[in-house]
Amino acid sequence: MNQLLDEAHTLRERALTHARHGRWSEALAEANQAVSLYRPLAQQKQPAAMAGLAYSLELCANLFSEAGGRSVALCAAEEALALRHLLTAEGSESAEADLGFSLNIFASCLGDLDRCADALVPAREAVEIYRRLAARTPQQFMPALAMTLSNLGNRLSDLGVRQEAAVIADEAVSHYRTLSRLAPEIFTADLAGALNNLANRLSALGRREEALAIMREAVTFYEQLSHTQRAVFAPVLATARNNLANKLTDLGLREEALAVAQTSVEQFVLLADRDPRSFTPQLAMALNTLSNRLRDVGRREEALAKAEESVRLRRALAECEPERFLRDLAVSLNTLANGLSALNRVVEALEAAEESVVIRRRLAQSRPDIFTPDLAASLNTLANSLAANGRFEEALCAAEEAVSLRRPLAMAYPDVYLPNLAGSLNTLANRLSDLERDAEALAAAEEATLLYRRLAERRPDAFTHHLAGSLNNHANRLRRLDRLEAALGLAREASALFRSLADRQPRRFTADLASALNTLANILLLQNKGEEAAAAFDLYRLLAGAHTQVFNPDHITLLNQMTEMKEVLPTNRMEWQDSE
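Please read all numbers here as calculations on a predicted model, not as lab measurements.

Attention shifts here to the overall build of the protein chain. From N to C terminus, the protein chain includes 25 helices and zero strands. Principal-axis analysis of the C-alpha atoms places the extent of the protein chain at approximately 100 × 45 × 40 Å. Considering the protein chain as a whole, with its 580 residues, one finds that 55% of them fall into the buried category. Partitioning the contacts of the protein chain with sequence separation of at least 6, the portion at a separation of at least 24 is 64%. Positive and negative side-chain charges of the protein chain, numbering 64 and 76 respectively, have mean locations separated by a distance of 2 Å.

Before going further, it helps to examine the layout of surface pockets. Quantified by volume, the second largest pocket comes out at close to 350 Å³. In terms of lining, the second largest pocket is formed by 20 residues, of which the most central are Ala67, Asp275, Pro276, Arg277 and Ser278. The class makeup of the residues in the lining of the second largest pocket is eleven nonpolar, four polar and five charged.

Another point: the packing of aromatic side chains. On inspection of all chains with the given rule, the structure shows two aromatic pairs. Relative to phenylalanine 101, the ring of tyrosine 55 lies with its centre 6.5 Å away and its plane at 10°, an arrangement referred to as stacked. Remark: phenylalanine 101 occurs in helix H5 (residues 93-112) and tyrosine 55 occurs in helix H3 (residues 47-67); sequence separation between them is 46 residues. Note on tyrosine 55: relative accessible area 30%, which makes it partly exposed.

Taking 1.5 Å of rise per residue, 21 residues should cover 30 Å, and H3 covers 30 Å from first to last C-alpha, within 8% of that figure. Directly beyond the C-terminal end of H3, a positive phi value near 90° is found at glycine 68.

What counts and what doesn't
Residues numbered from 1 in each chain as written. Predicted model: local features only at pLDDT ≥ 70, side-chain atom pairs only at ≥ 80, totals over all residues. Heavy atoms only, no water. Helix = DSSP H or I, 4+ residues; strand = E, 2+ residues; numbered from the N terminus. Buried < 20%, exposed > 50% of the residue type's maximum accessible area, 1.4 Å probe, protein only. Contact = heavy atoms within 4.5 Å. Lys, Arg positive; Asp, Glu negative; His and termini not counted. Charge placed at Lys NZ, Arg CZ, Asp CG, Glu CD. 1 Å grid on protein atoms, 1.4 Å probe; cavity = no way out; pocket = protein on both sides within 12 Å on 5 of 7 lines; lining within 4 Å. Points joined across faces, edges and corners; volume = space filled by probe spheres on them. Nonpolar A, V, L, I, M, F, W, Y, C, P; charged D, E, K, R; others polar. Phe/Tyr/Trp six-rings, centres within 6.5 Å; stacked < 30°, edge-to-face > 60°. Expected span 1.5 Å × (residues − 1).

So, in structure tokens, the structure goes:
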């Protein structure tokens, strides 16, 4: 019997060694063998065997979670927790500590299955246990307290309890900083992980500058760790870089965000080539991020290619594990719809947008607290795609629903959701205008401009281009109501902002400048200011000749219209197609 117990212990330790070096499949095989040996001994109520079985089950739970077997992981964690409860009857401090550890794993497994409310209970209980233990013996139990705090922060975030989640995440970082100073070789990785979590919690509160600084620090630590333990830390470094790219984008640092996103994809390509089962999901995530970052800087064809690849990978994953990957597929479909729209492939864009809405509506019905923002984003994309296909009534319904979902979110978390609300209001204004409901369209456009002006004053790098687009839209709405003086002032402002942006980033903003010039020239014509209108046309033609790569078919049509217009300047009052 002792020989079996020793053999089980050996298998468990070998499994741990494999796990520490990122050899997940070997670790799981050894851990499962250890469970098989411990189980009959534990049934005889041997405390050492019961503890060994619980530990091996906890290890299996973590490994199954890594491999995507989340339901199996939960079963293993639940069995381990039951054993820990039995073992705490002895009343020892070590048994209580082991119970806290098991509760933490159980909470994580519940969270992985989106049982967020259920997960919060064991997560809080684990923290309470380790707070008591750390108060008595801080040197021994501070690491466990920091770990459970980090997990509790994640569980609170899952439930949308953002303020408390950030406070808890900050406490975890504080403990890990102390521990890392004392033993950097042991706790630097934990500190990096806690910093990553804190950056996400701060972003969720709209504290983007702080989030970026924290995320940069996390990436720096992971880079250092990856130099010495590449097999273990290369994947987490690639994930952290993907996160950093998003944080950079939040502050308008698009070129740097693109470079970081490209590096993340390159790392995941190498990892997925060696272990596709483990790293294909992360590669699909990184490709989706890269697609958005490429589109941000005007590289539309490349952005579309990355979006298509992300959808292909995530569709295959969702077919095998829909509960785990459908949400990710919806994300990539929305990105694909935007990418197709940017290249005027409107029928395909509509198909992708509709599929994204179907998935996200289903998810939001079961978990509105988590998935309502995602549904609103897809509805906004759908509204634009429906309009591009001439289905204006349906487009308006989708735009109205997006605004109705985003308005309460913006009231509850303005720093996070005001930009989204402003974007949906612009979409709503355009869709109302499509149906000649011009007064309502103007009201929506005015509100969008007001919000973007406020945002751009605080964060010009992130929101000046949004303000310029909103001003252009607002000017068009005023023009439709013959309020030409007010429209002209806004059109001039939009053109000036886009001209400044296009000087710095021509590939990205030249087409937007062209649209603003369209609006400006149209209003000038209506006011019989032909010479200024001609000057706007001449600048447009110059841009079209110098930057042909950014002009889509709509802009070519516009160029032809402007050529016809110039032939009849200054007297002809003609109605142009809006370009928004």
